[in-house]
Amino acid sequence: MSRTYGLPVLVFAAALMPGLCRAEALEADAQSAATKWDEAYNRDDMDTLGKLYTQDAIVVTKGATQTRDGIPKFFSGLKAKGWDDHKTTVKNAVAKDNLLIVSGRWEMTGPVEGGAKKKFEGNWVNVLERQKDGWRTVLHTWN
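In this numbering scheme, every chain counts its residues from 1 along its sequence in written order. Side-chain atom pairs in this predicted model are given and counted only at pLDDT of 80 or more, local residue features only at pLDDT of at least 70, and totals for whole chains, interfaces and linings cover all residues. Side-chain measures were taken over the full set of non-hydrogen atoms in the model, leaving aside hydrogen atoms and water.

This part covers the overall build of the chain. The number of helices and strands found in the chain is three helices and six strands. To qualify as a helix, a DSSP run of H or I must reach at least 4 residues; to qualify as a strand, a run of E must reach at least 2; elements of each kind are numbered from the N terminus. Ordered by position from N to C terminus, the α and β elements of the chain give α-α-β-β-α-β-β-β-β. Throughout this description, buried means an accessible area under 20% of the type-specific maximum (1.4 Å probe, protein chains only), exposed means over 50%, and partly exposed covers the range between. For the chain, with 143 residues in total, the buried portion stands at 30%.

If you want it as structure tokens, here you go:
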């Protein structure tokens, strides 16, 4: 006597699909926001980059926490020192109310002794807040 489990499995899978689709949509939104950031940074457009943050945003750096006015200046300074080709890859996005908690990997090239460039990479976390015109970063940090 064999049993068929096909229908219950399909019903269970269908019940999970809205959650899976939502997770994929959140990750796509997060990757879109990260890509806009990468594009602004890579073309040295710090005015646009600054607008990707909320008014009360903070960026936690190795040296000091940057606030709204200091954020474009901080990243402009990195760019001027030869830090280029930034790329962010979103690995996880979780919604909580009007926030999106995002984590992933970053990579970029930077100067090393002798004037050469080397690829650097690490982990990255952003907390985004939904605004009228899209997602804006509230908290940005990396290692």
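Having put the structure on the table, let's press on.
This part covers the pattern of salt bridges. Any two side chains of opposite charge can pair if their charged atoms end up close together. Salt bridges are defined as contacts in which a side-chain nitrogen from Lys or Arg sits within 4 Å of a carboxyl oxygen from Asp or Glu. What the rule picks out here adds up to six salt bridges. A salt bridge links Lys-117 to Asp-84; its shortest N-O distance comes to 2.4 Å. Here the residue Lys-117 occupies a position in strand β5 (residues 117-131), and Asp-84 occupies one in strand β3 (residues 84-96), the gap between them amounting to 33 residues. Using a relative accessible area of 43% as the deciding quantity, one classes Lys-117 as partly exposed.

Below, the discussion takes up the confidence of the model for the chain. Along the chain, pLDDT gives the predictor's confidence residue by residue, from 0 to 100. Of the residues in the chain, 85% have a pLDDT of 70 or more, and the chain-wide mean is 88. Here, residues are in contact when the closest pair of their heavy atoms is within 4.5 Å. Note on residues 9-16: pLDDT under 50 across the span, and zero contacts to partners over four residues away in sequence or across chains.

Our next topic: the sheet that holds strand β1 (residues 53-60). The sheet built from six strands is open, its strands ordered β2-β1-β6-β5-β4-β3 with mixed pairing. The open sheet has two edge strands with one neighbour each: β2 (65-67) and β3. Averaged over neighbouring strand pairs, the angle between their axes works out to 25° when direction is ignored. Pairs of strands are assigned from DSSP output, requiring at least two bridges between the strands. Every axis in this analysis is a line fitted to C-alpha atoms, fitted for helices over the stretch in contact. Angles between the N-to-C directions lie between 0 and 180 degrees.

As used here, the term nonpolar core means buried Ala, Val, Leu, Ile, Met, Phe, Trp, Tyr and Cys residues forming a set that is joined through side-chain atoms within 4.5 Å. Counting residues in each nonpolar core, the largest one holds 24 residues, and the members touching the most others are Tyr-41, Leu-49, Tyr-53, Phe-75, Leu-100 and Val-102. Where this core is concerned, the elements lending two or more residues are α1 (6-42), α2 (46-50), β1, α3 (70-80), β3, β4 (99-111) and β5. Tallying contributions element by element places α1 first for this core, with six residues. Once residues lying within four places of it in the same chain are set aside, the contact partners of Phe-75 are Trp-37, Tyr-41, Met-46, Leu-49, Tyr-53, Val-59, His-140 and Trp-142.

Positionally, Thr-137 belongs in strand β6 (residues 134-142). Residue Thr-137 is classed as buried on the basis of its relative accessible area of 4%. Not counting residues within four places of it along the chain, the set of residues in contact with Thr-137 comprises Leu-52, Tyr-53, Thr-54, Ala-57, Asn-126, Val-127 and Leu-128.

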